[in-house]
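Residue strings, one per chain:
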Amino acid sequence: MVKNNNKNFKKSINNILDVMIRFRYVIALIIFIACVILGLHGSSMGEYDEVFPTHINEMEARQYKIIGKSRDIRSDEYAVHIPTYFSQKYNNYRKYSNQMSIDQTNMVLDYYAPIKDITLLAKPFNIGYVIFGNARGLSFYWCGLVLALFISSFEMFYILTKKNNILSIVGMCMIGFSPALQWWMIPHMPIVFVYAMMLFDLGYYLVVNTNKFLKWMFTILAGFMAAGFVLSIFPSCQIVAGAVSFVLLVTVLLRDREKWGITSDLEKNIVKKNIYDVLVRVIVAGIIAVGIVGYVVLTSRADFKLLMNTVYPGKRISVGGDSTLKDIFTGLSSLTLAFRDSNVFNNSEVSTFIHFTPLFLMLFPSIARILRKEDSAKAKDELLIGKALFVCVLVEIVFMCIGFTPRLAKYTLFSYINRMQMGYGFTGVIFNIWSINIIWKYKDEYKKSQLILTSILYGLAYVMMITDEMRLYLPQKILILEIAILVVIALMALLRYKKLFAISMCIVMFLSGAFVNPVCTGISPITNHPISREIEKIVKKDSNSYWMVMDPDEKLISNFAMANGAKCLSATSFYPDFKKWNKLDPKGKENFVYNRYLNYIVSMTNEKTNIKLFSNDSVALTINPKDLKKIGVKYVLAKQKNEKILKQEKIEYKILCQQDGYSIYEIN
């Protein structure tokens, strides 16, 4: 009786899972609509409430955060990305903007912001901003991107494993909840991987699908996504993600060639017809992508030239070799970064994908031997995929740990990659899932002793990679426990305890990634302050005047005025605003300092204006108020008391607002 009940329970669970997978797109759409209606997102903009603790509406402020906590280190997201996108509302979503510069800024190059033109079709996550404005637009963007991350990764593994539900869910969690993507959520990195996986999925289905309507839908979508991928302009991750997805697509299509008419027993005319059909759709998708990208390139040539000629990142060259063997393992701190901050670099920089790649590199020779031993077309096709992934992983490791010559780096485009560990982790997860799938398919070919021994060697090698820095982060006993947990989970996979492996791995991924970002609603931390209201009020009366934000301690607020509609010359520059710098530095003496992607830390002085490089992407600008007049700044939002300096320089001013230690000055 008990056995029957267990069987029925398992059967009902499997049935529910099958239904959920079958209707996954409908379920995702319902979740997406519900989240946007509720205005949910995972932004860390709550950090602004620490800077401006006074609220206009306390109820709205209390309702903002639902669960979790904002992260100070996520400043790329809440202090740069979101204000840039929000500023487009006040620019009427035009391609060129003066919200952050005297000269026009091309918003295609400025974090790929929402624009009302043909490129919007290649940026589906931005559509919400154009339709609904900032609050709902942020929710549309965030929830759309997160759901696309999970759906596209599930689909990729569903195709790779030939509809293995368990491994597809595990792979989805290993990508979607990966600390690397969660800690970098929203700026360029995650969207590059999402586009790459979506292109793999669409590329596969536009070839193998038999429904004519769906074929053409996939074709058109693939064209738009290809354009979106190219225009994401983040080669540091783009090159690896794109190359791996392309290699995977080609090898998987070769494996599944029967699905699109390439079989030995079919008549030649049928084969030709199917190939012709595929070529036509690939050409159509290519025309769409090339058309959109070509339009952007032709209309933005001067702006691309400015970007490529910057000192940073335009002239940045990487030849690799800056990693060690420990970097091919999962960073142990990644498992606990959501609960304990890193003691070395910031949490984002040390976050990695969680994977078992060194273990499967050791097992690959035996996996390859077994597939060759099968001597069947299917086994050879699977081996082709495995070899391709194996080579990709090895090339990435060589670049990380040894490096390329400058010429080789240039010709392979690897010179643009300064975050190979991200690409390696992504490739590693795919390689892990493929390896486990093969081991499960050919379960009788492996001796348990071999799998256990290899796992123990993997664990011992992992322990040897523990550094003194890691011991300062967590006690050695805890680090060894983490390694033991990962080894046991890997063993569950190798010994085919499928459900235990899936549950354990998904729990580890959920704990390591799901708590990185908060769950919030609305945009209260940006708009619900007396300072925000005053900026908005001034902008309504005087929308064309320029602002500057001054706070020598907090570069995170340099874009705050811009997020509330002000034209702000201390806002982040994605490429240099030479019209501004020609007035401040007419002889171009400091060109090396400001000819780059720049965040600003600004303060006022009664001495000569001075600019110093703070880091590769930050400058400290100390400006004389007379130079404010040169560049047309009329309003200043400042933390420091500037009345004395303004009087010394005989500058007429008026204080319009004082709140939370900040003042708004009107320079007459």
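Residues numbered from 1 in each chain as written. Predicted model: local features only at pLDDT ≥ 70, side-chain atom pairs only at ≥ 80, totals over all residues. Heavy atoms only, no water.

Draft legend 1. Region of interest: the overall build of the protein. The helix and strand tally for the protein stands at 30 helices and 13 strands. Whereas a compact globule of 668 residues would reach a radius of gyration of roughly 26 Å, the protein reaches 27 Å, a difference of no more than 12%. Overall size of the protein, expressed as C-alpha extent along the three principal axes, is 90 × 65 × 55 Å. The buried share of the protein, reckoned over its 668 residues, is 57%. A separation of at least 24 residues holds for 73% of the contacts in the protein among residues at least 6 apart in sequence. Surface accessibility of the protein: about 29500 Å² in total, with carbon and sulfur atoms responsible for 62%. (Helix = DSSP H or I, 4+ residues; strand = E, 2+ residues; numbered from the N terminus. Rg over C-alpha atoms; globule rule 2.2 N^0.38 Å. Buried < 20%, exposed > 50% of the residue type's maximum accessible area, 1.4 Å probe, protein only. Contact = heavy atoms within 4.5 Å. Areas by Shrake-Rupley, 256 points an atom, 1.4 Å probe, with all protein chains shown as cover.)

Draft legend 2. Looking closely at the pattern of salt bridges. Going through the model one piece at a time under the given rule, you end up with 17 salt bridges. Across the pair Glu-649 and Lys-626 runs a salt bridge whose closest N-O atoms are separated by 3.7 Å. Of the two residues, Glu-649 sits in the loop between helix 30 (643-648) and strand 12 (653-659) while Lys-626 sits in helix 29 (residues 625-630), which places them 23 residues apart along the sequence. The class of Glu-649 is buried, set by a relative accessible area of 14%. The partner of Glu-666 in a salt bridge is Lys-654, with the nearest N and O atoms 4.0 Å apart. Pair noted here: Glu-666 is in strand 13 (residues 662-667) and Lys-654 is in strand 12, with a separation of twelve residues, a long-range link. (Salt bridge = Lys/Arg side-chain N within 4 Å of Asp/Glu carboxyl O.)

Draft legend 3. Main features of the packing of aromatic side chains. Tallied over the entire structure, the rule returns 40 aromatic pairs. Judged by centre distance (5.3 Å) and plane angle (10°), the ring pair of Phe-404 and Phe-414 falls under stacked. Within this pair, whereas Phe-404 is found in the loop between helix 17 (377-401) and helix 18 (406-411), its partner Phe-414 is found in the loop between helix 18 and helix 19 (420-441), the two being separated by ten residues in sequence. One exposure class covers both Phe-404 and Phe-414, and it is buried. An aromatic cluster is defined as three or more aromatic residues linked by ring pairs; in this entry it consists of Tyr-85, Phe-86, Phe-125, Tyr-129, Tyr-141 and Tyr-195. (Phe/Tyr/Trp six-rings, centres within 6.5 Å; stacked < 30°, edge-to-face > 60°.)

Draft legend 4. Geometry of the side chain of Asn-642. Structurally, Asn-642 is set in the loop between strand 11 (633-638) and helix 30. We classify Asn-642 as buried; its relative accessible area is 0%. When neighbours within four sequence positions are excluded, Asn-642 is seen to be in contact with Met-604 and Tyr-665.

Draft legend 5. Summary view of the packing of helix 7 (residues 134-160) against helix 10 (residues 188-208). For the pair helix 7 and helix 10, interaxial distance at closest approach is 9 Å and the crossing angle is 45°. Between helix 7 and helix 10, the angle falls in the class oblique. Handedness of the helix 7/helix 10 crossing: left-handed. Along its contact with helix 7, which presents Tyr-141, Leu-145, Ala-148, Leu-149, Ser-152, Ser-153, Glu-155, Met-156, Tyr-158 and Ile-159, the element helix 10 presents Ile-191, Val-194, Met-197, Met-198, Phe-200, Asp-201, Tyr-204 and Tyr-205. Split into classes, the residues belonging to the contact of helix 7 with helix 10 amount to 14 nonpolar, two polar and two charged. (Axes fitted to C-alpha atoms, helices over the stretch in contact; angles between N-to-C directions. Parallel < 35°, antiparallel > 145°, perpendicular 65-115°, else oblique. Left-handed = near helix turned anticlockwise from the far one by under 90°. Nonpolar A, V, L, I, M, F, W, Y, C, P; charged D, E, K, R; others polar.)

Draft legend 6. Representation of the sheet that holds strand 6 (residues 546-550) within the structure. Here we have five strands laid out as an open sheet, ordered 7-6-11-13-12, and mixed in their pairing. Each edge of the open sheet is held by one strand with a lone partner, namely strand 7 (567-568) and strand 12. Two strands pair when backbone bridges link them, and strand 11 and strand 13 are joined in this way by four bridges, in the antiparallel orientation. Bridge pairing links Val-636 to Tyr-665 in strand 13. (Pairing = 2+ DSSP bridges.)

Draft legend 7. Structural detail: helix 19. Look at helix 19: 31 Å from first C-alpha to last across 22 residues, which is about the 32 Å you get at 1.5 Å a residue. With 20 of its 22 residues buried, helix 19 lies for the most part within the structure. (Expected span 1.5 Å × (residues − 1).)

Draft legend 8. Seen up close, the sheet that holds strand 8 (residues 599-604). Strand order in the open sheet formed by three strands is 8-10-9, with mixed pairing between adjacent strands. Each edge of the sheet is formed by a strand with only one pairing partner; in this case those strands are strand 8 and strand 9 (610-615). Across the sheet, the mean angle from the axis of one strand to that of its neighbour is 20°, orientation sign disregarded. As judged from the six bridges shared by strand 8 and strand 10 (residues 618-623), these two strands associate in the parallel manner. Its bridge partner lying in strand 10, Met-604 is registered against Ile-623.

Draft legend 9. Structural view of the nonpolar core. Of all hydrophobic cores here, the largest spans 191 residues; its most connected members are Met-45, Trp-434, Phe-501, Ile-535 and Trp-547. No other element matches the 16 residues that helix 10 contributes to this core. Residue contacts for Trp-547: discarding those within four places in its chain leaves Ile-535, Ile-538, Val-539, Ala-561, Ala-566, Lys-567, Cys-568, Leu-569, Ser-570, Val-633, Tyr-635 and Ile-664. With 27 residues, the next largest nonpolar core counts Ile-102, Tyr-600, Met-604 and Leu-628 among its residues. (Core = buried A, V, L, I, M, F, W, Y, C linked by side-chain atoms within 4.5 Å.)

Draft legend 10. The arrangement of helix 7 in detail. With 27 residues, helix 7 should cover 39 Å at 1.5 Å per step; its first-to-last C-alpha distance of 38 Å lies within 8% of that length. Within helix 7, 23 of the 27 residues are buried, which leaves the element mostly enclosed by the surrounding structure. Looking one or two residues past helix 7, Lys-162 carries a phi angle of roughly 55°, positive in sign.

Draft legend 11. Fine view of the pairing of strand 12. The sheet contact formed by strand 12 and strand 13 spans six bridges and is antiparallel. Each bridged residue has a counterpart across the sheet, and for Tyr-653 the counterpart in strand 13 is Ile-667. Counted along the chain from strand 12 to the antiparallel partner strand 13, the turn is two residues long, and its residue Asp-660 has a positive phi close to 55°.

Draft legend 12. Local environment of the environment of Glu-607. By secondary structure assignment, the location of Glu-607 is in the loop between strand 8 and strand 9. Separated by 181 residues in the primary sequence, Glu-607 and Phe-426 have C-alpha atoms spaced 51 Å apart.

Draft legend 13. Highlighting the environment of Pro-190. Tracing the sequence through the fold places Pro-190 in helix 10. Since its relative accessible area comes to 1%, Pro-190 is described here as buried. Those residues in contact with Pro-190 that lie beyond four places of it in its chain are Leu-181, Trp-184 and Met-185.

Draft legend 14. The arrangement of the packing of helix 7 against helix 19 in detail. Relative to each other, helix 7 and helix 19 sit at 40°, their axes nearing to 10 Å. Crossing of helix 7 against helix 19: the hand is right-handed. Here helix 7 contributes Met-156, Phe-157 and Leu-160 to the contact with helix 19, which in turn contributes Phe-426, Val-429, Ile-430, Ile-433, Trp-434 and Asn-437.

Draft legend 15. Fine view of the side chain of Asn-106. Locating Asn-106 in the fold gives a position in strand 4 (residues 105-106). Only 2.9 Å separates the side chain of Asn-106 from the side chain of Asp-303, close enough to count as a polar contact. Ignoring anything within four residues of it in the chain, the contact list for Asn-106 reads Lys-95, Tyr-96, Ser-300, Asp-303 and Tyr-575. (Polar contact = N/O pair within 3.5 Å; in protein donor to acceptor, adjacent residues only side chain to side chain.)

So far we have only geometry, and geometry alone does not tell us how the molecule works.
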